[in-house]
Each structure stands twice: as C-alpha cells, then as structure tokens.
Amino acid sequence: MYYEFFQHYWWFIVSLLGALLVFMMFVQGANSVMFSLSSNDEERRMIINSTGRKWELTFTTLVTFGGAFFASFPLFYSTSFGGAYWVWMIILFTFVVQAVSYEFQNKLGNLLGTRTFQWFLVINGIVGPLLLGVAVSTFFTGANFIIDKSNIFNGASPIISRWANASHGLDALLNGWNIIFGLAVFFLARILGILYIINNVDSENIRSRGSVRLVGNAVPFLVFFIVSLAHILLQDGYATDTIYETIYMQPYKYFNNFVEMWPLAVTLLAGVALFIYGSAKTIFTDYYTKGIWPAGIGTVLVVLSLLLCVGWNYTAYYPSNADLQSSLTIFNSSSSEFTLKVMSVVSLLVPFVVAYIAYVWHVMDKKKITKEDLREEAY
C-alpha cells in the first residue's frame, strides 16, 4: 500500500505538469493568430515581444513533463517516446524552429527575412498544440504497441516494448477521435493566447480584434471539446483487475471514474466554469483584460481532472490496441519504490520553484508591452 501511494502521487505530479503544459501553450496559440490580431509590422512585433518573454517557460515545462515521465513511469517513456517517436520528434522540431525564429528573425544578415521566421512561429503554433492533443488523446483511444518483459533476458535483443507497425506513432493521426481532441487543444491554445495578448499588450486595436477572434475560436473549441468529452464519458474504458492484474474493457469506465472519484468531477466542472467566465467576460466587457487568469486556472483544472481520471481508480492510462494485456497502468510501468520515494523528497522543492517562476512572471509582466518597447526588445 505504501508503494501504491507513491505510484498515485507521481501520477498526480505528472498530470499536474501536463496540465501546466497545456496552459503554457498559450504562447503557441498567440503566435498562430499573430497575423489576424495585427494590421502592421509594429503590432506584430508587439505580439512577438510578448510571447517571446514566455516561450522558454513553455519549452522548459515540456522538457520537465517528459523528464518526470521518464523518472516515474519509465516503461511509458520507452514505449511512447521510443515507439511513437515521429509524433514527439515533430513536436520537438517545431519547438526548435520556434527558438530559432525568436532569436534570428531581426538579426542583421538574416537571409530568410523576418516574415519567414514569423511564419515559422505560426507553424509551431498550429502543429505543436494539435499534435500534443493527438498524443494525449491516445491515453483514451489507445496506441499500437506490444510489451514483453521477458525479453529483458534476451541477450541478443533485450527490448521490452516495440511498436506493432511501421508508422511509429503517425497512425494516431488516422483516428478521428484523436484529431477531434487535437483540434480542441489547438483552439484552446488560440483562446488562451488571445487572452494573454489582451492582458499583456497595450494596444486598443489589438484588444478590439482580440475580442472578435475570441468568438471565432470559442465556437469551434466548444464543439470539439464537448464532442471529445462526451465520447470519453460514454466510451468503454480500460480497467485493471485488482486480483489477477489483467486488463479488460469496462463500459462507461471514465464516467464511472468521475462518479467514484467525485472530487475530480467537481474539479472538472469548476475548471469549465472558470474558463467560460474568463472568456465570456473578456468578450462582453470592454475594459476587462484579465481573462487569461480564470481561463488559465480553469484549463489547468480541466486537464488535471482528465489525466487523473485516466490514471487513477485502476485504469490503464496507455491502452494497447495491438495487445490488450500490454496496456500500461501506474502499477506495471512505474519505477521502483525506492526511486519513487527519493524523487518524492526532491518534489518537495517544487513549490519553491513555482514561487520563483511566479515572481519572475510578475516582474516581466508588471508593465504591458507598448510601442516604445520595440526599440529596446530583442525580438
């Protein structure tokens, strides 16, 4: 039972990091709409200067999320990051392109031109959230992999997990439900990005365009999110037999998880309410510019509740469509009890790190981006 506590604890940590990562994707979302929010190069540079202050936090959160998964649930890391590597490599490549774009778009001797690097930022803003949503959706729809732990004794090929086909993750794009979930994350990132720009950039023109763009992105987001959530709650889920430790299909598994773990349902509903409040008040109130905070907190709560629902209550968080019994749970894929204990001590430093990030964020954003700042900013 002591070991089980740490397995649940570290799934909570991983889920929280995943939720924070989805919130931080507002950087990608804002970049994807930079051309529709601006009418000239000056306004576009103001938007880029704003997101340029936060992109490193997003990238750091992505790396930390992957590192936490590697340390606490290494079998998932080797299976997904090692097997479905095309999806993760494309995501990482777009983030590298993003970093290069921020650094070199206004440098002397830029042969590609500023506009080319700005379009690279737009590509990252589209591909990053979309593929991340597709990857997360496989927690509910499953992936094509096979686990054989007995291979560890095979001296010639000690490979425990392998992908069941040659697509190495790209087959996730052929599942319509994954695409719908990915589009929900994509439009969510755009909404959060617009809310952040409204809060951080001092421009009435951008503010007025932002309100219109919020409506244009909120409608498809609500459609894709409601469809995705309804499918998750009504679909058969992957349950674990506590006695024989086998995986079996259970009707309405995720809906039952929310019922049995009712605080998660409350968290989900509270997150939805906060998100709607922050978005709606920004749209209908001219002077309100702080919608990013209730909407952002709501996003974290919704994503956190979904990830906890898919990992807790004896649920397989990474189902295998190739071999049901190869599905991964927090019990059969975690690190040793000693490793989880040691890392739990280190995790006590997380609140101090979060406090430092909050302080730095406050210092950077206490003054909104203005046209005068373009003479001093690097981007």
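Right above here is the structure, for reference.
Residue numbering note: each chain is counted from 1, following its sequence as written. Selection of residues for local features in this predicted model requires a pLDDT of at least 70, selection of side-chain atom pairs for listing and counting requires 80 or more, and totals for whole chains, interfaces and linings are taken over all residues. Computation of side-chain values: all heavy atoms of the structure, hydrogens and water removed.

## With respect to the layout of surface pockets
Part 1 of the argument: Of the volumes computed, that of the largest pocket is approximately 1,000 Å³.
Part 2 of the argument: Any residue with an atom within 4 Å of a point lines the site, the site being either a cavity, points on a 1 Å grid over the protein atoms alone where a 1.4 Å probe fits but cannot get out, or a pocket, an open set with protein on both sides within 12 Å along at least 5 of 7 lines. As for the largest pocket, its lining consists of 31 residues, of which Leu17, Leu20, Val350, Val354 and Ile357 are closest to the centre.
Part 3 of the argument: To qualify as a helix, a DSSP run of H or I must reach at least 4 residues; to qualify as a strand, a run of E must reach at least 2; elements of each kind are numbered from the N terminus. Secondary structure elements with two or more residues in the lining of the largest pocket: helix H1 (2–24), helix H5 (55–72), helix H13 (292–311), helix H14 (337–347) and helix H15 (350–365).
Part 4 of the argument: Throughout this entry, Asp, Glu, Lys and Arg are counted as charged residues, while Ala, Val, Leu, Ile, Met, Phe, Trp, Tyr, Cys and Pro are counted as nonpolar. The remaining residues, Gly among them, count as polar. Counted by class, the lining of the largest pocket contains 25 nonpolar, six polar and no charged residues.
Part 5 of the argument: Volume-wise, the second largest pocket comes out at about 420 Å³.
Part 6 of the argument: At the level of secondary structure, the elements contributing two or more residues to the lining of the second largest pocket comprise H1, helix H8 (114–141), helix H9 (176–200), helix H10 (204–234), helix H12 (262–284) and H13.
Part 7 of the argument: Ranked by the residues each element gives to the lining of the second largest pocket, the list is headed by H10, at seven residues.
Part 8 of the argument: Class assignment of the residues belonging to the lining of the second largest pocket gives a composition of 24 nonpolar, six polar and no charged. Grid points are joined across faces, edges and corners, and a volume is the space filled by probe spheres set on the points.

## Some points on the side chain of glutamine 235
Part 1 of the argument: Take glutamine 235: it is sitting in the loop between H10 and strand E3 (237–240).
Part 2 of the argument: We call two residues contacting when some pair of their heavy atoms lies within 4.5 Å. Beyond its immediate chain neighbours, meaning those up to four positions away, glutamine 235 contacts Phe140, Tyr252, Lys253 and Tyr254.

## Concerning a nonpolar patch on the surface
Part 1 of the argument: Taken together, the side chains of Trp86, Met89, Ile90, Leu92, Leu170 and Leu173 make up a nonpolar region of the molecular surface, amounting to roughly 500 Å² of accessible area.
Part 2 of the argument: If you trace the backbone, leucine 173 turns up in the loop between strand E2 (161–163) and H9. Patches in this entry comprise residues that are over 30% relatively accessible and not in a salt bridge; like charges within 9 Å are linked, as are nonpolar side chains (Val, Leu, Ile, Met, Phe, Trp, Tyr) within 5 Å. All accessible-area figures derive from a Shrake-Rupley calculation using a 1.4 Å probe, and residue coverage is judged against the displayed protein chains alone. The salt bridge criterion pairs a side-chain nitrogen of Lys or Arg with a carboxyl oxygen of Asp or Glu, the two atoms within 4 Å.

## Details of the packing of H9 against H12
Part 1 of the argument: To obtain an axis, a line is fitted to C-alpha atoms, over the contacting stretch when the element is a helix, and the angle between two such axes runs from 0 to 180 degrees between their N-to-C directions. Closest axis-to-axis distance for the H9/H12 pair is 11 Å, and the angle between their directions is 55°. In terms of their interaxial angle, H9 and H12 are classed as oblique. Considering the relative orientation of H9 and H12, their crossing is left-handed. Seen from H9, the contacting residues are Leu188, Ile191, Leu192, Leu195 and Ile198; seen from H12, they are Phe275, Gly278, Ser279 and Thr282.
Part 2 of the argument: Tallied by class, residues from the contact of H9 with H12 come to six nonpolar, three polar and no charged. Should an angle lie under 35 degrees it is considered roughly parallel, over 145 roughly antiparallel, and from 65 to 115 roughly perpendicular; all remaining angles are considered oblique. Here a crossing is called left-handed whenever its near helix is offset anticlockwise from the far helix by less than a right angle, and right-handed whenever the offset is clockwise.

## Focus on the environment of histidine 168
Part 1 of the argument: Here histidine 168 shows up in the loop between E2 and H9.
Part 2 of the argument: In this structure, the C-alpha to C-alpha distance between histidine 168 and isoleucine 198, residues 30 residues apart in sequence, is 40 Å.
Part 3 of the argument: Filtering out sequence-adjacent residues up to four positions away, histidine 168 remains in contact with Gly83, Ala84, Tyr85, Trp86, Val87 and Trp163.
Part 4 of the argument: Polar contacts here mean pairs of N or O atoms no more than 3.5 Å apart (in protein, one a potential hydrogen donor and the other a potential acceptor; neighbouring residues in sequence count only if both atoms are side-chain atoms). A distance of 3.0 Å separates a polar side-chain atom of histidine 168 from the backbone oxygen of glycine 83.

## Quick word on the pattern of salt bridges
Part 1 of the argument: Scanning the model with the defined rule gives four salt bridges in all.
Part 2 of the argument: Note that arginine 115 is salt-bridged to aspartate 41, the shortest N-O span being 3.8 Å. With arginine 115 in helix H8 and aspartate 41 in helix H4 (residues 41–52), this pair connects stretches of sequence that are 74 residues apart.
Part 3 of the argument: Salt bridges sharing common partners tie together Asp41, Arg44 and Arg115.

## A few points about the side chain of arginine 207
Part 1 of the argument: Mapped onto the elements, arginine 207 comes out in helix H10.
Part 2 of the argument: Only protein chains enter the accessibility calculation, which uses a 1.4 Å probe; a residue whose area is less than 20% of its type maximum is buried, one above 50% is exposed, and one in between is partly exposed. For the purpose of charge, His is not counted, nor are the chain termini; Lys and Arg are scored as positive and Asp and Glu as negative. The charged side chain of arginine 207 is buried without a salt bridge, its nearest counter-charge being aspartate 286 at 5.1 Å.
Part 3 of the argument: Other than its neighbours up to four places away in sequence, arginine 207 contacts Ile198, Thr282, Thr285, Asp286, Tyr287, Tyr288 and Thr289.

## Some words on unusual backbone geometry
Part 1 of the argument: With a phi close to 50°, histidine 168 is a non-glycine residue in the positive phi region.
Part 2 of the argument: Unusually for a residue other than glycine, tyrosine 314 sits at a positive phi of about 55°.
Part 3 of the argument: Tracing the backbone shows tyrosine 314 in the loop between H13 and H14.
Part 4 of the argument: On the accessibility criterion, tyrosine 314 (31% relative accessible area) is partly exposed.

## Observations regarding the nonpolar core
Part 1 of the argument: One finds Trp11, Phe69, Phe73, Phe76, Phe139, Tyr317 and Tyr318 to be the most contacted residues of the largest nonpolar core, which totals 98 residues.
Part 2 of the argument: A total of 13 residues in this core trace back to one element, the largest contributor, which is H9.
Part 3 of the argument: With residues up to four places along the chain from it excluded, the contact list for phenylalanine 73 reads Gln7, Trp10, Trp11, Val14, Ala68, Tyr317, Ile330, Ser333, Ser334 and Ser335. We define the nonpolar core as a collection of buried residues of types Ala, Val, Leu, Ile, Met, Phe, Trp, Tyr and Cys that are connected through side-chain atoms lying within 4.5 Å of one another.

## Details of the packing of H9 against H10
Part 1 of the argument: Their axes nearest at 8 Å, the elements H9 and H10 cross at an angle of 150°. The orientation of H9 with respect to H10, classified from their angle, is roughly antiparallel. Handedness of the H9/H10 crossing: left-handed.
Part 2 of the argument: Broken down by class, the residue content of the contact of H9 with H10 amounts to 21 nonpolar, five polar and three charged.

Distances and angles like these do not, on their own, reveal function.
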